Every structure is written in structure tokens, then in C-alpha cells.
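# Observations on the model geometry
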There are 2 protein chains.
Amino acid sequence: MESSDAAPRRGRPGYDQSSMLEVIVEVFTDHGYDASSLGMIANRLGLSKSAVYHHFASKAEMLEIALERALGALERVFDEAEAEAQAGSAPGGAVGQIREIVRAAVLVACAQQPYLILLLRLHGNSEVELRALERRRALTARLRAIFERARSEGALRDDLDPGLAARFTFGLVNSLVEWYRPDGPETPEALADAVLAYVRSGLRVNEVADFR
Amino acid sequence: MESSDAAPRRGRPGYDQSSMLEVIVEVFTDHGYDASSLGMIANRLGLSKSAVYHHFASKAEMLEIALERALGALERVFDEAEAEAQAGSAPGGAVGQIREIVRAAVLVACAQQPYLILLLRLHGNSEVELRALERRRALTARLRAIFERARSEGALRDDLDPGLAARFTFGLVNSLVEWYRPDGPETPEALADAVLAYVRSGLRVNEVADFR
């Protein structure tokens, strides 16, 4: 919003890189990455441009570090789920693994909300953006592989394509960042339960009857 | 993309307002609405600024007409579903109505994809944007009311809040515009079937067993 650009946060205690990043991501999200200038960022922080450059080499570096918060957290969700599966400590087969991933991804969406919003709104006009979009595609491919295993275990509905199921699942989880509020009525854990309830039996192979 | 800004489409036959709008929405989506200037738009169209002004009074008017394509189409989906329910010609109660709305909304998402992408990425920095976001909220409220009726008919899971179910449903349908391609392998009708399969029984009240 223009009004907050005109009201820099002077007199705040010194920023560390992490708290600067929060403010920078607000600017990126309000105006889009392309339209955000270093002047706008310095102004919103109440700092000189050279003070900002003390912490970040470039606007592209700010974006890269911010996107890492979302992408790194989501990649760890998959790393952990896959390590558990390899160690044989994941009950419920591939469908159980999908449930664990959905739950953990909802928690990431809530915890890293501003960084995930930034990721989801990228236009792909720079190298940093293109690399981030490639990492997003890799995450979808990992989820698709687990849905394919669920199908080979006989646990996925025949009429649901694993690739579509992976995209729908990320679409659903990612959409939370559009309206989730940390001070709202739902805790991240309750939201994770609700998402799982929403898709709970839709993925199952055994249906007793159509519900129309 | 910068490269296409530098390559205006000269020598094209005369534009009507609708074909101009397609190109304008590409500019808005590539750069964000805030960062898109009339100069960029005229350049991408290969027209003078005054020729663009012959068709649109302002950038805000372009945005308003573009958003109407997405919002008007979604509002008609609800108008028709509600008219059918009032006429008593909607089988399957509220859950059947939700299915019809999901199916029709997927078709709108595919048919109006560029306009829906624009709607979903608004930053809310102008009056036109704020009115559009208000209409989006009204659509969610209408879907919530139908989920509430499904619950009162005993057809919705007890552990699923109708307001969350409405948001999840729009989140899932809206996410299609991020990756849907008109020349891709899935027809809009097949995507609608897949979305319904994904959430099919997750909404039902009667479950025979947990699937873990």
C-alpha cells in the first residue's frame, strides 16, 4: 500500500537479516517483485539504500533467500517422509505417507505464509524466479511419485490420475495462504485436520456407494 | 516478458475490444497490474496510446472489464444452481448442487483462465480491485451457505466446517488456472470429473472405515 511506503518505520531497533526480510517480502507482495524498487524497500525499512546493501547484495538475493524459506521447508517435508518410508517406520503405506505430507505441508503453509505467497505469485521474469519454479515442479513430481505408489498398492481410486491428484493436493494446500490468519479462529493443526477430512476418503479405493 | 514488449504485434488486423483485452491481460499478468503502464500496453498492442484510449477510458476500466469476465461467469454458475434448486429441478439436494457448482466452476476456470489468473493475483491497491475482492468474498459466502444446507440435510461430515469446506473448494478449483493448458492432455470436462473424484466421498457423512 502506498500509505505504508510513505510511513517508514523509523526509530526501530537494528534489524537483523531475518527481520529485514519480513519487511522486504511485504513490499514484494504489495507491489509485485518486478515493480518493487530498492528505494521502496529502503523507505519501508526506514534505512538508507547503502544500509540495505550491507545486508543483501541485490534485490535478486533478497528474493532468493525469501523463496528458500518456503521451498526449503517444503523440501524437508518430503525428505523426512521419504526417510521414514525407507526406514520402514511409516505406517499406512503410500496413502499414510500422503497424509503425513499433507499435514506437514499445511503447517509449513501457515508458518511460512508470506514466503509461500511470494513463491506462488512469481511471474518468472528472472533467473532466481525460474529456478524457484523448477523446484516447485520437482516437489509436485515427488508427490506424484507417491500417488503412483499408492495406486500400485491398490490404495488409490482408479478414476484419479496420480499427476492430477498431486497437483490438486498442492493447489488445495497452497490456497490456504490466501486467507489464513495467524490470529484467526483456526490453529494450523486444526486446518491440517480439516484439509485431511476434506480429501479423506476421496482418495480411497473402496467406496461403498456414490453419494448422489 | 521483456522480449515480447519489445516486439509489438504490428500489421495485425484491427482489434476489437475483446481481442485487445486478451493482450492487455497478458501485460497485466506478466508484470502485475500496478507495474503495467499504458506505454507498455500500447507497445504490446502495436498501437498508439490514443488508439488504446479510443477503446478504454483508463487502465482501471481495462481491469474492470477483464475481471467481469471471471466474476460474471462465476456468479452465473451460482445464479443457475440456485434457480434450479428453487424450481425443484436439482436432484441430490445440497450435495448434488455442490457437485454441479464444482463442475461448472472448473469449466469457467478453463474458459476464462487469463481473467481468473488476473483476479487471483490482485493486490487490492485500487477501488476496482477492492470491489472485485468483495465479489470474490460474496461467492465464497454463497458456497458456504450451500455447504451449511448440506450439513442441515445430514449430508456433510460432522468434522468439516462449512466455511472451510467452501474455501477449500474454491482453492482447489482456482488452483487449476496455474497449470491448465487449453492444448494439454486433459479436457475441461475430464478435469471437472477428476476434481469431483478427488473430493467425492470426502464430503460424505457416511464413512465405513478410516483409510489408514
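The following refers to the structure shown. (Residues numbered from 1 in each chain as written. Chains lettered and ligands numbered in written order. Predicted model: local features only at pLDDT ≥ 70, side-chain atom pairs only at ≥ 80, totals over all residues. Heavy atoms only, no water.)

## Regarding the overall build of chain A
A tally of helices and strands in chain A yields 10 helices and 0 strands. What you see in chain A, going N to C, is helices and strands ordered as α-α-α-α-α-α-α-α-α-α. When the 212 residues of chain A are sorted by exposure, 48% land in the buried category. Pairs at least 24 apart in sequence give 70% of the contacts found in chain A among residues at least 6 apart. (Helix = DSSP H or I, 4+ residues; strand = E, 2+ residues; numbered from the N terminus. Buried < 20%, exposed > 50% of the residue type's maximum accessible area, 1.4 Å probe, protein only. Contact = heavy atoms within 4.5 Å.)

## Digging into the environment of Phe147(B)
Tracing the backbone through its elements, the reader meets Phe147(B) in helix H8 (residues 127-152). Through-space distance from the C-alpha of Phe147(B) to that of Ala94(B) is 7.1 Å; in sequence the pair is 53 residues apart.

## Some thoughts on the packing of helix H2 (residues 17-31) of chain A against helix H3 (residues 38-45) of chain A
Residue and element names in this part refer to chain A. At a minimum axis separation of 10 Å, H2 and H3 run at an interaxial angle of 130 degrees. Classed by the angle they form, the pair H2 and H3 counts as oblique. Two packed elements cross with a definite hand, and for H2 against H3 that hand is right-handed. Across the interface between the two elements, Met20, Val23, Ile24, Glu26, Val27, Phe28, Asp30 and His31 from H2 touch Met40, Ile41, Arg44 and Leu45 from H3. A breakdown of the residues in the contact of H2 with H3 according to their chemical character gives 8 nonpolar, 1 polar and 3 charged. (Axes fitted to C-alpha atoms, helices over the stretch in contact; angles between N-to-C directions. Parallel < 35°, antiparallel > 145°, perpendicular 65-115°, else oblique. Left-handed = near helix turned anticlockwise from the far one by under 90°. Nonpolar A, V, L, I, M, F, W, Y, C, P; charged D, E, K, R; others polar.)

## Focus: the pattern of salt bridges
Residues and elements named next belong to chain A. In total, this model carries 22 salt bridges over all chains according to the counting rule given. Across the pair Arg142 and Asp79 runs a salt bridge whose closest N-O atoms are separated by 2.6 Å. With a gap of 63 residues between them, Arg142 in helix H8 (residues 127-152) and Asp79 in helix H5 (residues 59-86) connect regions that are remote in the sequence. Owing to a relative accessible area of 41%, Asp79 belongs among the partly exposed residues under this scheme. The partner of Asp193 in a salt bridge is Arg103, with the nearest N and O atoms 2.9 Å apart. Here Asp193, found in helix H10 (residues 188-199), pairs with Arg103, found in helix H6 (residues 93-111); they are 90 residues apart in sequence, far enough to count as distant. With a relative accessible area of 26%, Arg103 lands in the partly exposed category. (Salt bridge = Lys/Arg side-chain N within 4 Å of Asp/Glu carboxyl O.)

## Notes on empty space enclosed by the protein
On inspection of all chains with the given rule, the structure shows 5 cavities of 30 Å³ or more. Here the largest cavity is characterised by a volume of approximately 240 Å³. Lining the largest cavity are 22 residues, and of these Arg121(A), His123(A), Gly32(B), Arg121(B) and His123(B) lie nearest its centre. Counting residues per element, the ones that place at least two in the lining of the largest cavity are H2 and helix H7 (113-120) of chain A together with helix H2 (17-31) and helix H7 (113-120) of chain B. Here the residues of the lining of the largest cavity are counted per class, giving 10 nonpolar, 6 polar and 6 charged. Estimates place the volume of the second largest cavity at around 50 Å³. Lining the second largest cavity are Phe78(B), Ile101(B), Val102(B), Ala105(B), Leu143(B), Thr169(B), Phe170(B) and Val173(B). Elements that contribute at least two residues to the lining of the second largest cavity include exactly helix H6 (93-111) and helix H9 (162-175) of chain B. Taken together, the residues of the lining of the second largest cavity sort by class into 7 nonpolar, 1 polar and no charged. (1 Å grid on protein atoms, 1.4 Å probe; cavity = no way out; pocket = protein on both sides within 12 Å on 5 of 7 lines; lining within 4 Å. Points joined across faces, edges and corners; volume = space filled by probe spheres on them.)

## Some remarks on the packing of aromatic side chains
Considering all chains together, one arrives at 8 aromatic pairs over all chains under this definition. Ring centres of Phe28(A) and Tyr33(A) lie 5.1 Å apart, and the angle between their planes is 80 degrees; on these two criteria the pair is classed as edge-to-face. Comparing Phe28(A) with Tyr33(A) shows no difference in burial state: the two are buried. Considering the side-chain rings of Phe168(A) and Tyr198(B), the 5.5 Å spacing of their centres and the 65 degrees angle between planes classify their relative orientation as edge-to-face. Note that Phe168(A) is positioned in helix H9 (residues 162-175) and Tyr198(B) in helix H10 (residues 188-199), a pairing that runs across two chains. (Phe/Tyr/Trp six-rings, centres within 6.5 Å; stacked < 30°, edge-to-face > 60°.)

## Here's the deal with H5(A)
Spacing of three or four residues puts side chains on the same side of an α-helix, whose turn is 3.6 residues. Under the 1.5 Å per step criterion, the end-to-end length of H5(A) is 40 Å for 28 residues, consistent within 8% with the ideal 40 Å. Glu68(A) marks the point of greatest bend in H5(A), at about 30 degrees. (Expected span 1.5 Å × (residues − 1). Bend = angle between axes of the 7 residues up to and from the residue.)

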